[in-house]
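Chain residues, written in single-letter form:
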Amino acid sequence: AASAARTAEEPLLILGPLAVIFFRSETLRARGAWAPWLALALGVLWLPETQFLFEVPDQSAIAFGLLSGWCLARQPRPGTLQLASAGALCALAIFSKQPAVFLVVAQVIYLWQVSDRRTAFRYVAWVALFAGLGLALCLPVFGAANLWFNLVVIPARLPWAEFAARLATRPWALIAQVSLPSLAMLALWLTKRWPGRATESGRFFHFAALTYVTMLPVGLAAFFKIGGDINAL
C-alpha cells in the first residue's frame, strides 16, 4: 500500500500543478474547453520520461515553485491572500530543495516590477514567517546540528567536477534545458513578441522567465558539483 501511494504521488506532484494552472488559466479557457487539455497533453509530452520513473526532491520543489508563482501572477497587483499563499508555497519549495531559495530573488524582482517595493518586502516577510514555522517544526525532530550538516556542510564539501567531462555526460540535458530556452527567449525579445503583463498568462510568462534567469547560475553550479540532469531548471 505504501509503495502504491508513493507511485501515485509522483504523477500528482508533476501533473497536479500543471493541471491547476492550465485549467484555471483565463487565456486558455477563453480559447475553448479543449485548450487546457491540449496544454496539459503537450506538457506531459515535453517532460522527460525519467520524471515519471524516479522520485526526487526536485519534483516537489518545482511543483510548489510553480504554484507559488501562479499565485503571484493571477492578479496585476497581488493582495494579502495571494502573497500569503505564494509565501507558504515558496517556503515548501525551499524545504524541498535548498537552491529553491533563489526563487525568492526572482519573485521579489517580479513584485517590484508589477507592484511596488512595499509589496515585495511584505512578500519576503510572508516567506520568512512560513519558513520560520517550518524550521520550528523540524528542529525538534532533526536537531540544529544535523540540519546544518545536511543543508550546508555536505553541499559545501562536494568537489567540483571536470567541466569538459561533465558536459560530455549530459549534452542533451544542456541543449534542452539551457540552450533551447535561452535561444527561444532571446528570439522573443529581439522580435518584440515578448508577452506583456496585461494578462495572467503574460504575467506568468514574465515570472517564469525571471525564475529561469535567476535559477540558471545555481542550477549550473549544482550540475558541475553533483552531476545528473539539470532538474531544477
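Since this is a predicted model, take the numbers as computed values, not measurements.

**Topic: the overall build of the protein chain**
- Along the protein chain, the regular secondary structure elements total 11 helices and 0 strands.
- For 233 residues, the compact-globule estimate of 2.2 N^0.38 gives 17 Å, and the protein chain sits close to it at 18 Å.
- Counting only C-alpha atoms, the protein chain reaches 50 × 45 × 40 Å along its principal axes.
- Across the 233 residues that make up the protein chain, the buried fraction comes to 36%.
- Of all intrachain contacts in the protein chain linking residues separated by at least 6 positions in sequence, the fraction that spans at least 24 positions is 72%.
- Carbon and sulfur atoms make up 71% of the accessible area of the protein chain, which amounts to about 13,700 Å² in all.
- Measuring between centres, the 18 positive side-chain charges of the protein chain sit 12 Å from its 10 negative side-chain charges.

**Some remarks on the nonpolar core**
- Formed by 32 residues in total, the largest nonpolar core has its most connected members in F22, L72, C90, Y110, L111 and Y123.
- Only α1 (2-24), α3 (34-46), α4 (57-73), α5 (80-96), α6 (103-114), α7 (117-142) and α11 (200-226) provide two or more residues apiece to this core.
- Considering each element in turn, this core owes the most residues, 7 residues, to α6.
- Y110 has contacts with L72, A73, R203, H206, F207 and L210, leaving out every residue within four places of it along the chain.
- Of all hydrophobic cores here, the second largest spans 8 residues; its members include L174, M185, A209 and L216.

**Some words on the pattern of salt bridges**
- If you walk through the whole model with that rule in mind, you get 2 salt bridges.
- Put simply, K97 and D58 hold a salt bridge, and the shortest N to O gap is 3.5 Å. Taken together, the residues span a long stretch of sequence, with K97 in the loop between α5 and α6 and D58 in helix α4 at a distance of 39 residues.
- Across the pair D116 and R77 runs a salt bridge whose closest N-O atoms are separated by 3.0 Å. A residue pair is termed long-range when its members are at least 10 positions apart, and D116 in the loop between α6 and α7 and R77 in the loop between α4 and α5 qualify at 39 residues.
- Since its relative accessible area comes to 47%, R77 is described here as partly exposed.

**Observations concerning helix α10 (residues 171-190)**
- Over its 20 residues, α10 runs 26 Å from end to end, which matches the ideal 28 Å to within 8%, given 1.5 Å per residue.
- Its axis deflected by about 30° at S179, α10 carries its strongest bend there, up to four residues before the proline P181.
- Taken together, the buried positions of α10 are A173, L174, Q177, V178 and M185.
- K192 sits one or two residues past α10 and shows a positive phi near 60°.

**Some points on the packing of α4 against α11**
- Running from amino to carboxyl end, α4 crosses α11 at an angle of 130°, the nearest separation of the two axes being 9 Å. It follows from the interaxial angle that α4 and α11 lie oblique. Relative to α11, α4 is oriented so that their crossing is right-handed. Along its contact with α4, which presents G65, L66, G69, W70 and A73, the element α11 presents E200, R203, F204 and F207.
- Per-class residue counts for the contact of α4 with α11 are 5 nonpolar, 2 polar and 2 charged.

**Structural notes on the confidence of the model for the protein chain**
- In this model, the protein chain carries a mean pLDDT of 87, and residues with pLDDT of at least 70 account for 93%.
- Within the protein chain, no element has a lower average pLDDT than α1, which sits at 76, and none a higher one than α5, at 96.

**A look at unusual backbone geometry**
- The backbone of K192 shows a phi angle near 60°, a positive value even though the residue is not glycine.
- Looking at the element boundaries, K192 is found in the loop between α10 and α11.
- Accessibility expressed as a relative area gives 77% for K192, which makes it exposed.

Thresholds, definitions, all that
- Residues numbered from 1 in each chain as written.
- Predicted model: local features only at pLDDT ≥ 70, side-chain atom pairs only at ≥ 80, totals over all residues.
- Heavy atoms only, no water.
- Helix = DSSP H or I, 4+ residues; strand = E, 2+ residues; numbered from the N terminus.
- Rg over C-alpha atoms; globule rule 2.2 N^0.38 Å.
- Buried < 20%, exposed > 50% of the residue type's maximum accessible area, 1.4 Å probe, protein only.
- Contact = heavy atoms within 4.5 Å.
- Areas by Shrake-Rupley, 256 points an atom, 1.4 Å probe, with all protein chains shown as cover.
- Lys, Arg positive; Asp, Glu negative; His and termini not counted.
- Charge placed at Lys NZ, Arg CZ, Asp CG, Glu CD.
- Core = buried A, V, L, I, M, F, W, Y, C linked by side-chain atoms within 4.5 Å.
- Salt bridge = Lys/Arg side-chain N within 4 Å of Asp/Glu carboxyl O.
- Expected span 1.5 Å × (residues − 1).
- Bend = angle between axes of the 7 residues up to and from the residue.
- Axes fitted to C-alpha atoms, helices over the stretch in contact; angles between N-to-C directions.
- Parallel < 35°, antiparallel > 145°, perpendicular 65-115°, else oblique.
- Left-handed = near helix turned anticlockwise from the far one by under 90°.
- Nonpolar A, V, L, I, M, F, W, Y, C, P; charged D, E, K, R; others polar.
- pLDDT = per-residue confidence, 0-100.

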